[in-house]
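# Chains, contacts and geometry: an overview
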Amino acid sequence: MDPSSLLSKAQNPVVVDSEIEGTTKITYIEPIRLQKRRVVLGVLLSVITSFLFTLACSWSKKLVRKFFFKESQMEMATHMWIINNDNSNNISKLMNKQNEIYFINRKLNYIYNTSMNAFKALEYDLKTKRELLQAPGIQQPILFQEKYGKCLIDIPKPNLFVYLLKELTAPFYILQYLSCFLWVLEDLAILSIIMISVSLIFTTINFLLLQNSAKKLRNMAKSLAQVQVYRGLQPCNQQAIQFRKIDSKDLVPGDVIAIENKMTLPCDCVLVSGDLLMNEASLTGESIPIPKIPVEDLDQPVSFMTDKRHCLYEGTKVLLARPKYQHVVAIVGRTGFSSFKGQIFRSVLYPKVQPFAFYSQGIKYLICLAICVLIVYFALLHRMITVGFSFMIIFLRFWDALTWIVPPALPIFVSMCQTYSLIRLRQKGIFGIDPTKSLVSGKINTVCFDKTGTLTTIGIDMFGYQLRNQQKFAKFILKNQVKSKNSLEFKLFATCNGTYEIEGDLMGDSLDVELFKFTDFKIDKNPPQNAKSRVVNREGIVLDVLKLYEFESALQRMSVIVKDTDDYYVFVKGSPEKMAELSMQNTIPTDFKKNLNVLTMKGLRILGFGYKQITQEECERLMNASRQECESDIQFLGLLAMENKLKHDTPQVINLLNNACVDLKIISGDNPLTTVQCARECGIIPLGKPVLLLDYNEKEQQLSLDEIGVFEDNLNNNQSKLNSEIDILFDEVEDVNESSLDHQQIMNKLVQHLLTAQNIKRSIISENDNLSAGHCFAMSGKAFDYFWDQLPHEEIKKHKRQSFAGFEQPIDNVEQIKIQGLTDEELHNKLFASICLKAKVFARMRPEQKSMVIEKLQQLNKMVLMIGDGANDCAAIKQANVGVSFAQSDAAFSAPYSSADDSIDCVRQVLLDGRCALQNALEVFQYYVGASVIKYIAAMINMSFGQNFADLQYIAINYIGSLPYLKSISLSKPSILLTKDLPNESMMAISNAAVLSFQIIVASFGLIINFLYWNSFEWDNEPSVVNGKFSKEGTIQTTLFKSIQIYFIMAVIAIYTSRPFKQKLVTHKIMLIFICISLSFTLWIFFTYQEWQYTVFKLYNTNTQHGRSYNFIQFLLTIIVGLVMLIGDEYFIKRVFPNNQNQIKKSRVRPSMQSYVS
């Protein structure tokens, strides 16, 4: 190898990760140089090959890269070879502007840094927070606009000419043109014109659908408005700065703008003056007021990912603006596709294409079929020569044979199945934006649910609370047992929440709103200038919230600094586990874990709360201190219990999914015990089944394995009895984690349990093991992190199959496992995979962890559907094979499916319609290919006697005998019952191949029988080859034309599969109508004859020479063969070649890790 090439590769630039790339990133770049000589050679090749080389280049960017470019150093490069994180390729031209080298990829500019030898997506440098507060207005906006572009998300408008040029030059269409060219040479010009016309019509219809979808995206992206901007020299935090109005599209990064009430933001900004209350439903799907505060005067850089409380995002709406001076002021940070909303649109414009076996396996089957057809061609070659065909006709028939086998319009009819699926779901209130997901959803075998707002209602009810009494908890207080609401805990409840009053309505997270209502406090509409908010009650208690740290998922808490007349407090509220960490240990009750377990096992949502009292001087200091300092030395006060009920139909839908053997899991950020109880109540975990909770103690750096027993909830609505029974529970229930096991023992027990669950003999487990196959698994986010961090991720990507090969192999005995021997790393990998497959609950999961769980399941060959309703579910929804959302806002377009209703029954509907669409696509493939081969066999028999079908006969066969059936199949509706059966999308599967092959073989034999019976008669003046060309009329082609109509009818009835995916054939009115029309037409031409039949279809009157008995016997023979096609398929093929892979099977993990057990 040339050493210079090695040097070049070693010095290849890299792409530095940037926030503005979102999920659409570049994984590899390489500088390349365009070779002018190769361009000239490419032009010559295109001319010589009649532009076939040009077409090949348009299909393969790798070919363009290899032929026209060569590797180069950056100094000599003209283009960049780009590989994106979805494995797509792109060649982008290197440009030089304002002494900056850059290239454009997927709407973003990437700027070259010479010193770092790296590219980075262009973004405006906001510098530090302190510099932002002193920033002046932009003085040269035109230069900034040239560099950063206009402030708008410009969704490309589809161009009809460009679309047609791209679509009509696709490989299948080129094959169609080849077919039409061959037919013209064979004197079948009318058929060619009809074929091209139909394809053009279908392509135009698809363009109109694409144009409609793009129009909706453009409307969603549009955010044009008048904005007040300051472009002066004074710092933006001054009181007397003057604003002027401009169009929002003219904004540039660095602009200082005024934020007004009811305003929809046209860009991403950083707040520098005043307070805001924002509705971010357009991004998160949650209509919860989000408070925003100005950046602090600190020497820290601003990040739109980590400083969300200071950042405003495009598309979000201002609910309430509270200016410090005359205006609320913000500085523009990101515009266009660089904004957070722009990132979402980039992911929509460039979706990740997931491989699907339907297409690849279908092509393999067509290749096998083409070989068989060519064998038929060569078998009849001698006969065609003997008959007298010219060499040109014989040559054309060879290529014609290939075009018969690969129907050019096949992709159109498959896409029809996808489009009709979306239409059916839309009628049920489920809106889909990605047609390809219609087929993918037909193979879903695992469904992951978010908990709150998905399985349960969004609304939440107050249940009660429990305070600390010295070293233990006091008696639990139900909400209707409260006597006074002036105590310290009610001051905490009234202030430590995210509730706001806007136009007379309380807004915020449902938990906070319900908690605030419980306190009987009211929000003062005119708080003092130095307070964020003020609340008062009837007894005259006045509480001022001086500072608020809003709730953050990563921190699992919120806090406030409150003034109560002359007293000052820091109030903190969050998850019980987090509060236990923050609070002083001498204030944690000794029965903390026991009481927490009792409440969570009832399915209640539990929060911990605490406080610390401070002096006025400490308050002033903490106002400018860090959050960590503010929330230190907290005294634990108690536990708060909220009731989050299941949606009314959740148990019924879960029961239907369980009956269909769909693997169901919950991935939630909630408490593990609460989530487990929810899983039990809805049926994801059977009520009588104990659960093993796998957790990780970060302080002790050790795994914990706790058994969560079955909580029998026999409590009724009688509140007095409810209270007494809770007291009894507190006395009787022991700590879940009483027994202490070391790390090694935990690993051993995990291994033992997983082996036990595989029906392995009890004797292989140690006598003191008390685990049984009746357990389910639950895993915490900390335990998930422990296993995930030890995975060799790069190796998994390279050797995925090898890494998990042990899971699918059955384990017969311990000796077999011990012989294999596993290292600690291999054990962790296999154990982690086993737990992920068996776990029913993943709790306390961060948003990114939810996505990682989905990714792990996909690595283990699971097809996953994720359904969620909040911002913390977006990453998981995108990662899943199919995502479903409840969002009633612009956020819905980021999920492939969004439901207008909040019922999880939409999951069942998506699965039902997905299986129907996949089965429809499979049947369209089978029928279209089968009909094409049958037509080819009939044509070859005709050719053996110097005849062929006439133009209008071909048109009738293609568009009367085939098109209605293909249309009817794609219109088939789904079954109403979800079963454990799954469509087998692989045409190479013996069950599918057998069905299609049987239809082709029987119909071919039928045509041969029709031919043999015809050949048993003497026919006078039978047309044959004239001047080396075939005749388009004759008795043999008349006979086969009539018979082929019957075979088509029988084939579509045999291929149509109703149970268990689709409606029964007898209820498919459109299909029955087409069958009746086709059958009536066939009977008419079989037993009657008028002169128009010859004039239009070139049909001969076969009764004139041998009487009516000839047609009757031919009809009888055809019907008998047709019945063989029907009966043989139902009672022979499907029984001899059953589809053994078409059921969802419960995961059986057989990990080869017993050698780890002592």
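Parameters at a glance
Residues numbered from 1 in each chain as written. Predicted model: local features only at pLDDT ≥ 70, side-chain atom pairs only at ≥ 80, totals over all residues. Heavy atoms only, no water. UniProt positions renumbered as here; feature names shortened; annotations may be inferred. Helix = DSSP H or I, 4+ residues; strand = E, 2+ residues; numbered from the N terminus. Contact = heavy atoms within 4.5 Å. Areas by Shrake-Rupley, 256 points an atom, 1.4 Å probe, with all protein chains shown as cover. Buried < 20%, exposed > 50% of the residue type's maximum accessible area, 1.4 Å probe, protein only. Pairing = 2+ DSSP bridges. Axes fitted to C-alpha atoms, helices over the stretch in contact; angles between N-to-C directions. Core = buried A, V, L, I, M, F, W, Y, C linked by side-chain atoms within 4.5 Å. Domains from an automatic or database assignment. Parallel < 35°, antiparallel > 145°, perpendicular 65-115°, else oblique. Left-handed = near helix turned anticlockwise from the far one by under 90°. Nonpolar A, V, L, I, M, F, W, Y, C, P; charged D, E, K, R; others polar. Salt bridge = Lys/Arg side-chain N within 4 Å of Asp/Glu carboxyl O. Phe/Tyr/Trp six-rings, centres within 6.5 Å; stacked < 30°, edge-to-face > 60°. Polar contact = N/O pair within 3.5 Å; in protein donor to acceptor, adjacent residues only side chain to side chain.

The name recorded for the protein chain in an unreviewed UniProt entry is P-type ATPase A domain-containing protein, from Paramecium tetraurelia. As recorded by UniProt, the Subcellular location (unreviewed entry) comment attached to the protein chain reads in full: "Membrane". Under the UniProt heading Catalytic activity (unreviewed entry), the note attached to the protein chain is "ATP + H2O = ADP + phosphate + H(+)".

## Some points on the overall build of the protein chain
Helix and strand counts for the protein chain come out as 43 helices and 40 strands. Intrachain contacts of the protein chain at a sequence separation of at least 6 include 74% that bridge at least 24 residues. For the protein chain, the accessible surface area stands at approximately 50900 Å², while carbon and sulfur atoms represent 56% of it.

## With respect to unusual backbone geometry
One non-glycine residue, Gln470, adopts positive backbone phi at about 60 degrees. By secondary structure assignment, the location of Gln470 is in the loop between β21 (461–469) and β22 (472–473). The class for Gln470 is exposed, based on a relative accessible area of 62%.

## Quick look at the sheet that holds strand β3 (residues 69–71)
Strand pairing in a sheet takes place through backbone hydrogen bonds and is either antiparallel or parallel in direction. Strands sit in the order β3-β2-β4-β5 across an open sheet of four strands; the sheet is antiparallel. The strands lining the two open edges of the sheet, one partner per strand, are β3 and β5 (89–93). Each strand axis lies, on average, 40 degrees off the axis of its neighbour in the sheet, ignoring direction. Pairing geometry for strand β4 (residues 79–84) and β5, over five bridges, is antiparallel. Bridge pairing in β5 places Met80 opposite Ser92.

## What about the nonpolar core?
With 100 residues, the main nonpolar core has Tyr927, Tyr965, Leu1007, Phe1041, Phe1048 and Met1071 as its most contacted residues. The residue makeup of this core includes at least three contributed by each of domain 2 (154–221) and domain 4 (381–429 + 911–1143). Leave out the neighbours within four places in its chain, and Phe1041 touches Phe949, Gln953, Ala956, Ile957, Ile1085, Phe1097 and Leu1099. Core analysis: the second largest hydrophobic core is formed by 43 residues, Leu422, Leu455, Ile867 and Ile904 among them.

## Here's the deal with the packing of helix α38 (residues 990–1015) against helix α43 (residues 1108–1136)
Between α38 and α43, the shortest axis-to-axis distance is 10 Å and the interhelical angle comes to 160 degrees. Viewed along their axes, α38 and α43 adopt a mutual orientation that is roughly antiparallel. By crossing handedness, the relation of α38 to α43 is classed as right-handed. Of α43, the residues touching α38 (which contributes Ala994, Val995, Phe998, Gln999, Val1002, Ala1003, Gly1006, Ile1009, Asn1010, Tyr1013 and Trp1014) are Ser1109, Tyr1110, Ile1113, Gln1114, Leu1117, Thr1118, Val1121, Val1124, Met1125, Gly1128, Asp1129 and Ile1133. Taken together, the residues that form the contact of α38 with α43 break down as 15 nonpolar, seven polar and one charged.

## Examining the sheet that holds strand β8 (residues 108–113)
On the basis of which strands lie adjacent, the open sheet formed by five strands has the order β1-β9-β8-β7-β6 and mixed pairing. If you trace the sheet from one side to the other, it starts and ends with β1 (14–16) and β6 (95–97), each paired once. Averaged over all pairs of adjacent strands, the angle between their axes in this sheet comes to 40 degrees, without regard to strand direction.

## Regarding the packing of helix α18 (residues 488–495) against helix α19 (residues 510–519)
At a minimum axis separation of 8 Å, α18 and α19 run at an interaxial angle of 140 degrees. By the criterion of interaxial angle, the relationship of α18 to α19 is oblique. In this structure, α18 crosses over α19, and the sense of that crossing is left-handed. Contacts between α18 and α19 pair Phe490, Phe493 and Ala494 from the former with Leu515, Phe516, Phe518 and Thr519 from the latter. Here the residues of the contact of α18 with α19 are counted per class, giving six nonpolar, one polar and no charged.

## Regarding the pattern of salt bridges
Inspection of the entire model under this criterion finds 30 salt bridges. Here Asp544 and Arg534 are joined by a salt bridge, their closest N and O atoms 2.6 Å apart. Of this pair, Asp544 sits in strand β28 (residues 542–552) while Arg534 sits in strand β27 (residues 533–536), and the two are ten residues apart along the sequence. Take Asp544: its relative accessible area is 8%, and that puts it in the buried class. Looking at Arg534, the relative accessible area reads 22%, which means it is partly exposed. A salt bridge links Asp663 to Lys665; its shortest N-O distance comes to 3.5 Å. In this structure, Asp663 and Lys665 share a single accessibility class: buried. Look at the salt bridges and you will find they share partners, linking Lys129, Glu296, Asp307 and Arg309 into a network.

## Some thoughts on the side chain of Asp1129
Examined against the element boundaries, Asp1129 turns out to sit in helix α43. The buried category is assigned to Asp1129, whose relative accessible area is 1%. When sequence neighbours within four positions are dropped, the list of residues in contact with Asp1129 reads Val995, Phe998, Gln999, Ala1054, Val1124 and Lys1134.

## Considerations on the UniProt feature "transmembrane region" (unreviewed entry) in the protein chain
Here, the residues flagged by UniProt with the feature "transmembrane region" (unreviewed entry) are residues 39–60, 160–184, 190–210, 365–395, 993–1014, 1034–1058, 1070–1089 and 1109–1128. As annotated, residues 39–60 comprises 82% helix and 0% strand, and the C-alpha atoms at either end are separated by 16 Å. End C-alpha to end C-alpha, residues 1034–1058 measures 40 Å, and it is 84% helix and 0% strand.

## Examining helix α25 (residues 672–682)
In terms of burial, α25 is largely enclosed, as ten of its eleven residues are buried. Restricting attention to buried positions, one finds in α25 the residues Pro672, Leu673, Thr674, Thr675, Val676, Gln677, Cys678, Ala679, Arg680 and Cys682. A positive phi of about 105 degrees marks Gly683, the residue just after α25.

## Some thoughts on the packing of aromatic side chains
This structure, assessed with the given rule, holds 51 aromatic pairs. Summarising the aromatic geometry, the rings of Phe493 and Phe609 are spaced 5.1 Å apart at their centres and angled 80 degrees between planes, so their arrangement reads as edge-to-face. Taken together, the residues span a long stretch of sequence, with Phe493 in helix α18 and Phe609 in strand β31 (residues 605–614) at a distance of 116 residues. Here Phe1081 and Phe1097 contribute two aromatic rings whose centre-to-centre distance is 6.0 Å and whose plane-to-plane angle is 65 degrees, an arrangement assigned as edge-to-face. Of this pair, Phe1081 sits in helix α40 (residues 1069–1087) while Phe1097 sits in helix α41 (residues 1091–1097); the two residues are 16 residues apart in sequence, bridging distant segments of the chain.

## Some words on the environment of Lys602
Structurally, Lys602 is set in the loop between α21 (592–601) and β31. Its relative accessible area of 12% is what places Lys602 among the buried residues. Along the primary structure Lys602 and Val676 are separated by 74 residues, whereas in three dimensions their C-alpha atoms are 9.8 Å apart.

## Regarding the pairing of strand β14 (residues 275–279)
Here β14 lies mainly inside the structure; five of its five residues are buried. Going residue by residue along β14, you find Asp275, Leu277 and Asn279 tucked away on one face and Leu276 and Met278 tucked away on the opposite face as well. Examined bridge by bridge, β14 and strand β17 (residues 317–322) share five bridges and lie antiparallel to one another. The partner of Leu277 across the bridge, within β17, is Leu320. By the bridge criterion, four bridges tie β14 to strand β15 (residues 289–292) in an arrangement that is antiparallel.

## Describing the environment of Thr49
Mapped onto the fold, Thr49 is located in the loop between α2 (36–48) and α3 (52–59). The class for Thr49 is partly exposed, based on a relative accessible area of 29%. At 3.2 Å, the side chain of Thr49 and the backbone nitrogen of Phe53 are in polar contact.

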